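# Close look at the chain arrangement
Listed below are the residues making up each chain.
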Amino acid sequence: MNLFREIIYFIGLITLAIFSGCHPVTENDLPNVIIVLADDQGYGDFSCNGNPVLETPSLDKLYDESIRFSDFHVSPLCTPTRGQLLTGVDAMRNGAATVLTARNILKRNLVTMPEIFKDNGYSTGIFGKWHLGDSYPDRPMDKGFQKCIWHQGWGLRSEIEFDNDYYETRYLDGLETKYSNKYCTNLWFDKAIEWMGDMASQNKPFFTYIALNAPHGPFDSPKQDYDFYKNKIENEKTASFLGMIRNIDRNIKHLDNWLEEHGLKENTILIYMNDNGTAQGELVYNANMRGKKGSNYEGGHRATCLFRYPKAGIISSRTISFPTEIQDVLPTLIELLQLKVDTACKFDGKSLKPYLYLTDTVSPNRMLVVQYGGGLKPEKYFGTVIWNSWRLVGGNELYNLKTDPSQENNLVNEFPVVFNKMKTYYEQWWREIEPDTGHFVPIIIGATQENPVIISSGSWEKKAVNTQWAVAGGTGDPRGGVSHLNAIESGIYKIELSRWPFHLNKKLTETGISTSIGGTKINKGKALPIYTGCISINNKKEIVKNAKADAKNISFELNLPVGEFDFQAWFKDEGGNNVCGAYYVRIEKLN
């Protein structure tokens, strides 16, 4: 039976290869590519996936016009998903393994999706959330994006954005800070459409990455969208969460109408995905899945992926039901569009091009590992192995989704052969991963391309503080946390420690602000008795300096050698007690 199955599989691959070669892309007919990635929308947060309350007519229309990957997997958290999308490499291998623990920057030797598109004649643009590094050489413009309309951190209420606003969003146009009177999702779509229109008028093919920060919390939705659900859902946060998705849906309609009006729909690849499990929608509907955002169960990492490309002759409105992953997107686009890539580039994902052209496809029968960096450090078995309908969770839980979609019945004792095969696969994968699990991609200081650099508390290895409200409340370890830095030039560095974001111009000892830039109420926090600033390098004896009266920061000048080092900064009170970490540190190489 196994031999027969392998023969059928082999014949199927030959057939797929023959059919997939029938639709070449010529150099003069490069299709445009648009990827839309939603933030914290789950698989169940679509009416086309069965949600009984949420209405997503525009996404439903896209669903009907697309190939749907129904067993599609991402990371349970946003940063690792983004890194996997843009490199085709597993999160545990590409450096951006998780949101915190100083593991949120891509390894600098990896080639990214926008770099590949740019090298193949495309104009490249990002609109929205980046979340793979806020300083040189890890910003979107350093990674291949030519047009960058973006925000820093995980979202508009992250520690680095602090007082930004969903309704009147501040953003970066390249490196220039700008202000808008638009709701964030509307802004990203409007700016993307404006730029794509400019590219189309010049007959330039474009690669557009619309990376939303919605419906991520704190669940600030437009009033008209919240009002649509406020009487349908008892939980106010959930109603606003659904309202944010309704707003996304309206923007998808806006985008699709624009493509049609400008004659671009036929020759544009449009891909819509969500980045992890739901953050709030499970209270309404979770498609019978166990788990949500952050979980290694199905609800944490199963996602929707809609792929539409009308001109290519791909038969749409059908479902590919075998397991696939977000790492497959880049290799698929490379093969589908015949993009030239350095032969040294290696991907964990596989091209799905052959499966796009046949209605009756043969499952590749592959195994996948879903794992991110976890808590304090990457841990063995903190993940899931996927093999057709089987799931091995955490190294000792085996489920068959075909008979148990909610993962309630552990079958590890009933199916030892399946269990051992999946565990053996994981063991081999982990042996490749493990030697690098203690590695950090350090933040660069001293570069002429960005000087000074601001280091925030979101970069701390342990007990990172990465929200506006946590900074305002003075939370975290009283000694702060360790950030991993790399001085690329030796010399004198000016190091300033601040309690508040530097642009707020607040005194060290006063409370924060009570409203965002758009007037939304935020936590103003509490005043802290800051008297002294402290710095420790490589865990050596602390360097101490007292604050001046009414000081807004405490400034040091240190002679730093070239190389990587561990950096920690915090504040003490007049009695010498540790108060809180220095949530914001500005480091400038002096001439």
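Sequence positions are assigned chain by chain, starting from 1 and proceeding in written order. Residues qualify for local features only when their pLDDT is at least 70, as the model is predicted, and side-chain atom pairs are given and counted only at 80 or more; totals for whole chains, interfaces and linings, by contrast, use all residues. With hydrogens and water set aside, each side-chain value is computed from the structure's full complement of heavy atoms.

### A closer look at the layout of surface pockets
Inclusion rule: Throughout, the protein atoms alone are placed on a 1 Å grid, and a set of points is a cavity if a 1.4 Å probe fits but cannot get out or a pocket if it is open with protein on both sides within 12 Å along at least five of seven lines; lining residues have an atom within 4 Å of a point. Grid points are joined across faces, edges and corners, and a volume is the space filled by probe spheres set on the points. Segments assigned H or I by DSSP are reported as helices when at least four residues long, segments assigned E as strands when at least two residues long, and all are numbered from the N terminus. Under the convention adopted here, Pro, Cys and the residues Ala, Val, Leu, Ile, Met, Phe, Trp and Tyr are nonpolar, Asp, Glu, Lys and Arg are charged, and Gly plus all remaining residues are polar.
Looking at the largest pocket, its volume works out to about 1000 Å³. If you trace the largest pocket, you find 43 residues lining it, with Asp-134, Gln-152, Ile-160, Glu-450 and Ile-454 closest to the centre. Elements that contribute at least two residues to the lining of the largest pocket include exactly strand E5 (170-173), strand E6 (176-179), strand E17 (453-456) and strand E25 (584-589). At four residues, the largest contribution of residues to the lining of the largest pocket is made by E17. For the second largest pocket, the calculated volume is near 380 Å³. Around the second largest pocket, the lining comprises 20 residues; the ones closest to its centre are Asp-71, Ser-321, Ser-389, Leu-401 and Lys-402. For the lining of the second largest pocket, the secondary-structure elements that each account for two or more residues are strand E2 (67-73) and strand E14 (390-393). Class assignment for the residues of the lining of the second largest pocket results in nine nonpolar, six polar and five charged.

### Looking at the packing of helix H6 (residues 184-201) against helix H8 (residues 236-261)
As a reminder, the rule being used: Comment: axis = line fitted to C-alpha atoms, over the contacting stretch for helices; angle = value between 0 and 180 degrees taken between N-to-C directions. Note that the term roughly parallel is reserved for angles under 35 degrees, roughly antiparallel for angles over 145, roughly perpendicular for angles of 65 to 115, and oblique for everything else. Any two residues whose heavy atoms approach within 4.5 Å at even a single point are treated as in contact.
Two numbers describe how H6 lies on H8: the axes approach to 10 Å, and their chain directions differ by 10 degrees. With respect to H8, the element H6 is oriented roughly parallel. For the pair H6 and H8, the contacting residues are Thr-185, Asn-186, Phe-189, Asp-190, Ile-193, Met-196 and Gly-197 in the first and Asn-247, Ile-248, Asn-251, Ile-252, His-254, Leu-255 and Trp-258 in the second. Residues of the contact of H6 with H8, tallied by class, amount to seven nonpolar, six polar and one charged.

### Some thoughts on helix H10 (residues 329-336)
Definition in use: Only protein chains enter the accessibility calculation, which uses a 1.4 Å probe. A residue is then buried if its area is under 20% of the maximum for its type, exposed if over 50%, and partly exposed in between.
Among the eight residues in H10, seven count as buried, and that is most of the element. When H10 is considered as a whole, its buried residues turn out to be Val-329, Leu-330, Pro-331, Thr-332, Leu-333, Ile-334 and Leu-336. Backbone geometry just downstream of H10 places Gln-338 in the positive-phi region, at approximately 55 degrees.

### With respect to the packing of helix H2 (residues 57-65) against H8
One way to put it is that H2 packs onto H8 with a least axis distance of 7 Å and a crossing angle of 55 degrees. Considering their axes alone, H2 and H8 lie oblique with respect to each other. Between H2 and H8, the contacting residues are Pro-57, Ser-58, Leu-59, Lys-61 and Glu-65 on the first element and Asp-249, Ile-252, Lys-253, Asp-256 and Glu-260 on the second. In the contact of H2 with H8, the residues fall into three nonpolar, one polar and six charged.

### Let's talk about the side chain of Ser-123
Here Ser-123 is to be found in strand E3 (residues 123-129). Judged by its relative accessible area of 10%, Ser-123 falls in the buried class. In contact with Ser-123, other than residues within four places in its own chain, are Gln-146, Trp-195, Met-199, Lys-204, Pro-205, Phe-206 and Phe-207.

### Considerations on the sheet that holds E14
Stated precisely, the cut-off is as follows: Note: two strands are recorded as paired if DSSP finds a minimum of 2 bridges between them.
Reading across from one edge, E12-E13-E14-E15 is the order of the four strands in this open sheet, with antiparallel pairing throughout. The open sheet has two edge strands with one neighbour each: strand E12 (367-370) and strand E15 (397-400). Each strand of the sheet is rotated relative to its neighbour by a mean of 20 degrees, with strand direction disregarded. Both E12 and strand E13 (residues 384-387) contribute to a ladder of four bridges, which runs antiparallel. Within E13, the position partnered with Val-369 by the bridge is Val-385. Across the sheet, helix H11 (residues 416-433) touches E12, E13, E14 and E15, and the angle it forms with E13 is around 120 degrees.

### Side note on the pairing of strand E22 (residues 554-560)
Residues Ile-554, Phe-556, Leu-558 and Leu-560 line the buried face of E22, whereas the alternating positions Ser-555, Glu-557 and Asn-559 sit on a face that is not buried. Taken together, the seven bridges between strand E19 (residues 491-498) and E22 define a ladder with antiparallel strand orientation. In the sheet register, Leu-497 faces E22, and the bridge partner there is Ile-554.

### Notes on the sheet that holds E22
Two orientations exist for strands paired in a sheet by backbone hydrogen bonds: parallel and antiparallel. One open sheet holds the four strands; their spatial order is E17-E25-E19-E22, and the pairing between them is antiparallel. Unpaired on one side and paired on the other, E17 and E22 mark the two borders of the sheet. Here the average twist between neighbouring strands, direction ignored, is 25 degrees.

### Some points on the pattern of salt bridges
Going by this rule: Between Lys or Arg on one side and Asp or Glu on the other, a salt bridge is scored when a side-chain nitrogen of the former is within 4 Å of a carboxyl oxygen of the latter.
Tallying each qualifying case throughout the model produces 40 salt bridges. Where Asp-275 meets Arg-82, a salt bridge forms, and the shortest distance between an N and an O atom there is 2.8 Å. Linking Asp-275 in the loop between strand E8 (268-274) and helix H9 (298-301) with Arg-82 in helix H3 (residues 78-87), this pair joins segments that are 193 residues apart in sequence. On the accessibility criterion, Arg-82 (0% relative accessible area) is buried. Glu-510 is the salt-bridge partner of Lys-506, the closest N and O atoms lying 3.5 Å from each other. By relative accessible area, which is 16% here, Lys-506 ends up buried. One connected set of salt bridges, linked through shared partners, spans Lys-61, Glu-65, Asp-256, Glu-260, Lys-265 and Arg-308.

### Points about empty space enclosed by the protein
Empty space among the atoms becomes apparent when a probe as large as a water molecule is rolled across them. Enumeration according to the criterion identifies five cavities of 30 Å³ or more in this entry. Looking at the largest cavity, its volume works out to about 120 Å³. If you add up the space inside the second largest cavity, you get close to 90 Å³. For the second largest cavity, the full set of lining residues is Phe-69, Phe-72, Ile-271, Cys-305, Phe-307, Glu-325, Asp-328, Val-329, Thr-332, Leu-333, Leu-352 and Leu-356. Those elements giving two or more residues to the lining of the second largest cavity turn out to be E2, strand E9 (302-308) and H10. Here the lining of the second largest cavity gets three residues from one element, more than from any other, and that element is H10. For the lining of the second largest cavity, the class distribution of residues is nine nonpolar, one polar and two charged.

### Let's talk about unusual backbone geometry
Omega for the peptide link from Tyr-136 to Pro-137 comes to 0 degrees, which places this bond in the cis form. Among the secondary structure elements, Pro-137 is positioned in the loop between E3 and strand E4 (147-151). Positioned with a positive phi, Asp-550 is a non-glycine residue whose angle comes to about 60 degrees. Within the secondary structure, Asp-550 is located in the loop between strand E21 (543-546) and E22.

Purely geometric stuff here, so don't read any function into it on its own.
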